[in-house]
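Summary of structural features
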Amino acid sequence: MTTPESIWSSRPADLYGRPGHDRLGTVLWGIRVLLGGLASVSRWEPSRVQPVRRTLTAVVTKRELVAPDVVALTLADADGGLLPSWTPGAHIDVQLPSGRRRQYSLCGPPGRRMDYRIAIRRIADGGGGSIEMHDVYRVGDTLLFEGPRNAFHLGAAERDVLFVIGGIGVTPILPMMRLAQQRGIKWRAIYSGRSHEYMPFLDEVVSLAPERVTVWADDEHGRFATVDDLLAGAGPATAVYVCGPTGMLDAVRAARDEHADAPLHYERFSPPPVVDGDPFELELARSNRVLSVPANRSALDVMLDHDPMSAYSCRQGFCGTCKVKVLAGQVDHRGRTAEGDDEMLVCVSRANGGRVVIDA
Ligand code: FES
């Protein structure tokens, strides 16, 4: 039988190797041993820590049409509590009753936690998520979501900012504009859309600072805004924040690429075009099908042709919703969220030649 070592006999040597001559060290050692003893007799165990609950519940408290094809929903905690904190540019991941998941930017006043506001444009020929959002949720209904998450921050050090907005792209930008105004940043905005009627929250945008906002309605000009119209007055050092249709994003990106290091921040509402894609075969092991994925389409797009309920959300490789298990084949991993060797984000990743077999 061994006798437990006492605090005093186990105290450390001093700097010169002499036991017991360093009083401060001895006291600290004693405190450490004492706390260790208390921890060992406590009932706390790491395994008792509950995992963070990721799915949250909110109640729809307001529903309004803010453009002929855009509905805005106000969401609040069912018990009147505060919702999780957020910063402008953040979005939530809504879990629809059908099992679809869709991301919507928070577009209420920056950081507001008594309620959130999201806005959804109805897309007739999309994946059905926006139609479900429009048709399903009424005041008093419960909505499940995850987040908020933010991949589109307004930089803390910005001094000269241009916001470029296309239609529903106003949702992440509107709180950013308010924040820029609060911070005293020199900012301007151009908001383009097919007509005033189809530009959600136009009054809110303009009333923030009418002298800083340019409104471009296609029906008044008889044409779309060109990239020169959108970037008028933006110098190489101007931080451009853009959100809108793919064509607008790509044009602005190409124009900003002409200046080395010109600051550009953007958020897409639709998937990016497939770049450097090779055709490949996708074998769905469970349904025993082989799909041909052409060079210019994603595996997810082809899967959706066959099964419109295939899971996805961001379609840009960062949310992880479309991740599937890979049973055979080499994957060219292109996602921005972690993909294991035996996993594949079918919205962006492709086969490294030949065929990939997935558990789907
Ligand atoms: S849908 Fe989000 S990572 Fe594929």
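Residues numbered from 1 in each chain as written. Predicted model: local features only at pLDDT ≥ 70, side-chain atom pairs only at ≥ 80, totals over all residues. Heavy atoms only, no water.

1. Points about the side chain of Thr-321
With respect to the secondary-structure elements, Thr-321 resides in the loop between α8 (299–306) and β14 (323–328). Residue Thr-321 is classed as buried on the basis of its relative accessible area, which comes to 16%. Thr-321 has contacts with Arg-101, Ala-311, Tyr-312 and Ser-313, leaving out every residue within four places of it along the chain. (Helix = DSSP H or I, 4+ residues; strand = E, 2+ residues; numbered from the N terminus. Buried < 20%, exposed > 50% of the residue type's maximum accessible area, 1.4 Å probe, protein only. Contact = heavy atoms within 4.5 Å.)

2. Digging into the sheet that holds strand β6 (residues 142–150)
A sheet is described by the order of its strands in space; here six strands give the open sequence β4-β3-β6-β1-β2-β5, paired in antiparallel fashion. Each edge of the open sheet is held by one strand with a lone partner, namely β4 (101–105) and β5 (115–121). Between one strand axis and the next, the sheet turns through 40° on average, direction left out of account. Pairing analysis gives seven bridges linking strand β2 (residues 70–76) to β5, with the strands arranged antiparallel. (Pairing = 2+ DSSP bridges. Axes fitted to C-alpha atoms, helices over the stretch in contact; angles between N-to-C directions.)

3. Focus: the nonpolar core
Core analysis: the biggest nonpolar cluster contains 32 residues, and Leu-154, Phe-163, Ile-173, Met-177, Trp-187 and Tyr-241 have the highest contact counts within it. Of all the elements, helix α3 (residues 170–183) adds the most residues to this core, at seven residues. Two domains each donate at least three residues to this core, and these are domain 2 (56–150) and domain 3 (160–268). Counting 23 residues, the second largest nonpolar core, distinct from the first, contains Phe-280, Val-346, Val-348 and Ile-358. (Core = buried A, V, L, I, M, F, W, Y, C linked by side-chain atoms within 4.5 Å. Domains from an automatic or database assignment.)

4. Some details on the sheet that holds strand β7 (residues 160–166)
Adjacent strands of a sheet pair through backbone hydrogen bonds, lying either parallel or antiparallel. If you trace the five strands from one edge of the open sheet to the other, you get β9-β8-β7-β10-β11, paired in parallel fashion. Looking at strand neighbours, the two that pair on one side only are β9 (213–217) and β11 (264–268), the edges of this open sheet. Direction aside, the axes of adjacent strands within the sheet are offset by 10° on average. Taken together, the seven bridges between β7 and strand β8 (residues 186–193) define a ladder with parallel strand orientation. The residue bridging Leu-162 from the neighbouring strand is Arg-188, located in β8. Across the face of the sheet, α3 comes into contact with β7, β8, β9, β10 (239–244) and β11 while running at roughly 155° to β7.

5. A few points about unusual backbone geometry
For the peptide bond that leads from Gly-147 to Pro-148, omega is 5°, which places it in the cis range. Here the phi dihedral of Asp-276 falls at roughly 55°; this positive angle occurs in a residue that is not glycine. Relative to the elements of secondary structure, Asp-276 occurs in the loop between β11 and β12 (280–284). In this structure Asp-276 comes out as exposed when scored by relative accessible area, which is 66%. In this model, Asn-288 sits at a positive phi of 55°, which is unusual for a non-glycine residue. Inspection of the secondary structure puts Asn-288 in the loop between β12 and β13 (289–293). Taking the relative accessible area as the measure of exposure, Asn-288 reaches 68% and is therefore exposed.

6. Remarks on the environment of Ser-310
Inspection of the secondary structure puts Ser-310 in the loop between α8 and β14. When the C-alpha atoms of Ser-310 and Thr-321 are compared, they prove to be 9.9 Å apart, with eleven residues separating the residues in sequence. In this view, Ser-310 contacts Leu-300, Met-303 and Leu-304; residues no more than four positions away in its chain are not counted. Of the polar contacts made by the side chain of Ser-310, one reaches the backbone oxygen of Asp-307; its length is 2.8 Å. (Polar contact = N/O pair within 3.5 Å; in protein donor to acceptor, adjacent residues only side chain to side chain.)

7. A word on the confidence of the model for the chain
For any part of a model where pLDDT is low, the fine detail of the predicted coordinates should not be relied upon. A residue-level look at the chain finds 85% of positions with pLDDT of 70 or above and a mean pLDDT of 87. The low-confidence segment residues 1–10 (pLDDT under 50) makes six contacts with residues lying over four places distant or belonging to another chain. Scored below 50 in pLDDT, residues 36–53 shows two contacts in the model against residues more than four places distant or in partner chains. (pLDDT = per-residue confidence, 0-100.)

8. Examining the packing of aromatic side chains
Taken as a whole, this structure holds four aromatic pairs when the rule is applied. Aromatic pair Phe-152 and Tyr-241: ring centres 6.2 Å apart, planes at 50°, arrangement tilted. You can see Phe-152 sitting in the loop between β6 and β7 and its partner Tyr-241 sitting in strand β10, a full 89 residues away along the chain. Overall, Phe-152 belongs to the buried group, its relative accessible area being 2%. Taking relative accessible area as the criterion, Tyr-241 reaches 0% and is therefore assigned buried. (Phe/Tyr/Trp six-rings, centres within 6.5 Å; stacked < 30°, edge-to-face > 60°.)

9. Topic: the pairing of β10
The side chains of a regular strand alternate between both faces of the sheet. Within β10, six of the six residues are buried, which leaves it mostly tucked inside the rest of the structure. Neither face of β10 is left uncovered, since the one carrying Ala-239, Tyr-241 and Cys-243 and the one carrying Val-240, Val-242 and Gly-244 both have all their residues buried. As paired strands, β7 and β10 are joined by five bridges and run parallel to one another. Directly across from Leu-162, in β10, lies its bridge partner Val-240. In this structure, β10 lies alongside β11, joined through five bridges in parallel fashion. Across the sheet, Tyr-241 pairs through a bridge with His-265, a residue of β11.

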